[in-house]
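Descriptive structure summary
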Amino acid sequence: MPRLVSTFLMMSRVSGLAAGGGFLRKAADSLRAASSGGAPPPPALKLDGAPSWDALQQALDAQTSKEEVELAKQVAEGRGPPTAKANLRLFDAPDGYEPRVTLYRDGASWCPYCQKVWMQLEEKRIPYKVERINMRCYGSKPAWFEQETGGLLPVVRLDGDLITDSVQIMFALERAFEEESLLPPGGIDAIRDLMSLESQHAGAWLGWLRAPPGTGGAGKATYERVLTQMDGALASTSGGFFLGEELSLVDLLFCSFLERAEASLLYYKGFRVRDVEKYPHVCGWFAAMEGRPSFRASQSDYYTHAMDLPPPPTMDEAPDTPPSDWQPTRLGISYRPCRLAVEYVSAGKAFRKLMPVARSSSDATPEGVLSGLENDFGAYLDFDEKLSRSQALRLVEMLLASAA
Ligand SMILES: N[C@@H](CCC(=O)N[C@@H](CS)C(=O)NCC(=O)O)C(=O)O
């Protein structure tokens, strides 16, 4: 069997898609038939060379070193270095101590707002427990969480009270745990200007990243201006951090978006934030931050940051019929409510057309739903020329599955 065909069949089996029916199964059947000269497909088991979960566990155990076992034990007991895997952190508190703080955070540990609070807890060595809550792209949240908090992460329970919004949480933690303060003697008033600069940076970064094609260089110029201002703010102190030699709340407020800006602007715009010629003090700040174990533990890699944040361009509402010069750029999905999204550019402007994927009955098939969409939005789903129909069918399948 040709390698490509067998790889495809194995991937289909592993993901369970081929077994689930639909177009992948049909594609797998036709590939089997093609690869065996039209003969009946071989039994599926013969294609399955993947090890069992038990065999994988044994292989993993055999490769796990004593140090790794010891580290996992420490982490389970709330000790050891900071890590995304910890569900309990006790620091200097005795075994069995019940922390005053519970941090509700995203399970994948990439939410930027959770990162700031997480670093603050680590820097101040405040004992805490972790509860992991799905971000909506990974699944649903517990009903109580939606009702009592509004559903955004992070949330902190402090002495029984729920607190939402990362900045509010950080100030509440500063008030409740005054020792090891991360605020300067002047308190919040002394950092207001830098907080405002941080907001400008967030706006300039996202503004540039999400600018639709053909909007000129304004986004880049604004971002460069704000970054130069930040470099100047860092140059005016000595020691690498925003307030000098000591890490403060200001660094934590800046860290998540600066880290993400460095990765995403490099990937999508070819722009370097860590450019030692142009922004030497910003580079010094990154180096100072990377000296902190709390930052190292919460830092992510460039690929993840570029991929977890595809720049959704600012879109205009699409007219009912696409203009004659439209060029589709992406076919995507939009959850809550389920919608199939066609994104396109026309005359240098970006548009998005959303099509509701309604389940008219419990046995609605992807094919039936897609045919319905083609009836209603024919001009946008002009598959023969502009888009791939099999891609659309797969997206509809996913939407139906996620809504089930
Ligand atoms: N202003 C809020 C923003 C929080 C926020 O937008 N969190 C995102 C995660 S990065 C969220 O929970 N989104 C809902 C979800 O994806 O489930 C804060 O600073 O905490």
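The following paragraphs examine the structure supplied in this document. (Residues numbered from 1 in each chain as written. Predicted model: local features only at pLDDT ≥ 70, side-chain atom pairs only at ≥ 80, totals over all residues.)

**Let's talk about the overall build of the protein**
Across its full length, the protein holds 15 helices and 9 strands. Of all 404 residues assigned to the protein, the portion counted as buried reaches 28%. Pairs at least 24 residues apart make up 62% of the contacts formed inside the protein by residues separated by at least 6 positions. (Helix = DSSP H or I, 4+ residues; strand = E, 2+ residues; numbered from the N terminus. Buried ≥ 20, exposed ≤ 12 C-beta atoms within 10 Å, placed from the backbone. Contact = placed C-beta atoms within 7 Å.)

**Description of helix 10 (residues 249–269)**
Given 3.6 residues per turn, any residue in an α-helix points the same way as the ones three and four places further on. Between the first and last C-alpha of helix 10 there are 30 Å, a value that for 21 residues agrees with the 30 Å anticipated at 1.5 Å per step. Along helix 10, the sharpest change in direction is near 40 degrees and occurs at Cys255. Counting buried residues in helix 10 gives 17 out of 21 residues, a clear majority hidden from the surface. Among the residues trailing helix 10, Gly270 stands out with phi positive, at a value near 65 degrees. (Expected span 1.5 Å × (residues − 1). Bend = angle between axes of the 7 residues up to and from the residue.)

**Quick word on the pairing of strand 8 (residues 339–346)**
Two elements, strand 8 and strand 9 (residues 349–356), share 8 bridges in a ladder whose sense is antiparallel. Along strand 9, the bridge assignment pairs Arg339 with Pro356. Turn length for the strand 8-strand 9 hairpin, with the two strands adjacent in sequence and antiparallel, is 2 residues, and the turn residue Ala347 shows positive phi of about 50 degrees. (Pairing = 2+ DSSP bridges.)

**Structural notes on the site of the ligand**
Taken together, Cys111, Pro112, Tyr113, Met135, Arg136, Leu152, Leu153, Pro154, Asp165, Ser166 and Val167 make up the full set of residues adjacent to the ligand. Every element with two or more residues in the shell around the ligand is listed here: helix 5 (112–124) and helix 7 (166–176). (Near = placed C-beta within 6 Å.)

**Observations regarding the nonpolar core**
Core analysis: the largest hydrophobic core is formed by 56 residues, its most contacted members being Leu103, Val117, Val156, Trp205 and Val282. With 10 residues, the top contributor of residues to this core is helix 10. Residue assignment places this core across two domains, with domain 2 (64–176) and domain 3 (187–308) each supplying three or more. Residue contacts for Val282: discarding those within four places in its chain leaves Leu227, Met230, Asp231, Leu234, Val273 and Arg274. (Core = buried A, V, L, I, M, F, W, Y, C linked by C-beta atoms within 7 Å. Domains from an automatic or database assignment.)

**Considerations on the sheet that holds strand 4 (residues 155–158)**
With mixed pairing, 5 strands are arranged side by side in an open sheet as 1-3-2-4-5. With partners counted over all chains shown, the strands left at the sheet margins are strand 1 (88–89) and strand 5 (161–164), one partner each. Pairing of strand 2 (residues 101–106) with strand 3 (residues 128–133) involves 6 bridges; the strand directions are parallel. Each residue of the ladder has a partner; that of Tyr104, found in strand 3, is Glu131. Strand contacts of helix 5: strand 2, strand 3 and strand 4, with the helix running at about 145 degrees to strand 2, the strand carrying the most contacts. Those strands touched by helix 7 are strand 4 and strand 5, and its axis lies near 135 degrees from that of strand 5. (Axes fitted to C-alpha atoms, helices over the stretch in contact; angles between N-to-C directions.)

**Quick word on unusual backbone geometry**
Cis geometry marks the peptide bond from Leu153 to Pro154, where omega comes out at 0 degrees. Structurally, Pro154 can be placed in the loop between helix 6 (143–149) and strand 4. Even without being glycine, Asp165 reaches a positive phi, approximately 75 degrees. Along the chain, the position of Asp165 falls in the loop between strand 5 and helix 7. The class of Asp165 is partly exposed, set by 16 C-beta atoms lying within 10 Å. Of note, the phi angle at Glu180 is positive, near 55 degrees, even though the residue is not glycine. Along the polypeptide, Glu180 turns up in the loop between helix 7 and helix 8 (192–209). Looking at Glu180, the number of C-beta atoms within 10 Å reads 10, which means it is exposed.

**Description of the environment of Gln299**
Mapped onto the elements, Gln299 comes out in the loop between helix 12 (293–298) and helix 13 (302–308). Along the primary structure Gln299 and Pro112 are separated by 187 residues, whereas in three dimensions their C-alpha atoms are 9.9 Å apart.

**Here's the deal with the packing of helix 8 against helix 9 (residues 218–235)**
Following both chains from N to C, one finds helix 8 and helix 9 inclined at 150 degrees, their axes separated by 9 Å at the closest point. One way to sum up the angle between helix 8 and helix 9 is to call them roughly antiparallel. Like other packed secondary-structure pairs, helix 8 and helix 9 cross with a definite hand, here left-handed. Touching Leu194, Leu197, Gln200, His201, Ala204, Trp205, Gly207 and Trp208 of helix 8 are Gly219, Lys220, Thr222, Tyr223, Val226, Gln229, Met230 and Ala233, all from helix 9. (Parallel < 35°, antiparallel > 145°, perpendicular 65-115°, else oblique. Left-handed = near helix turned anticlockwise from the far one by under 90°.)

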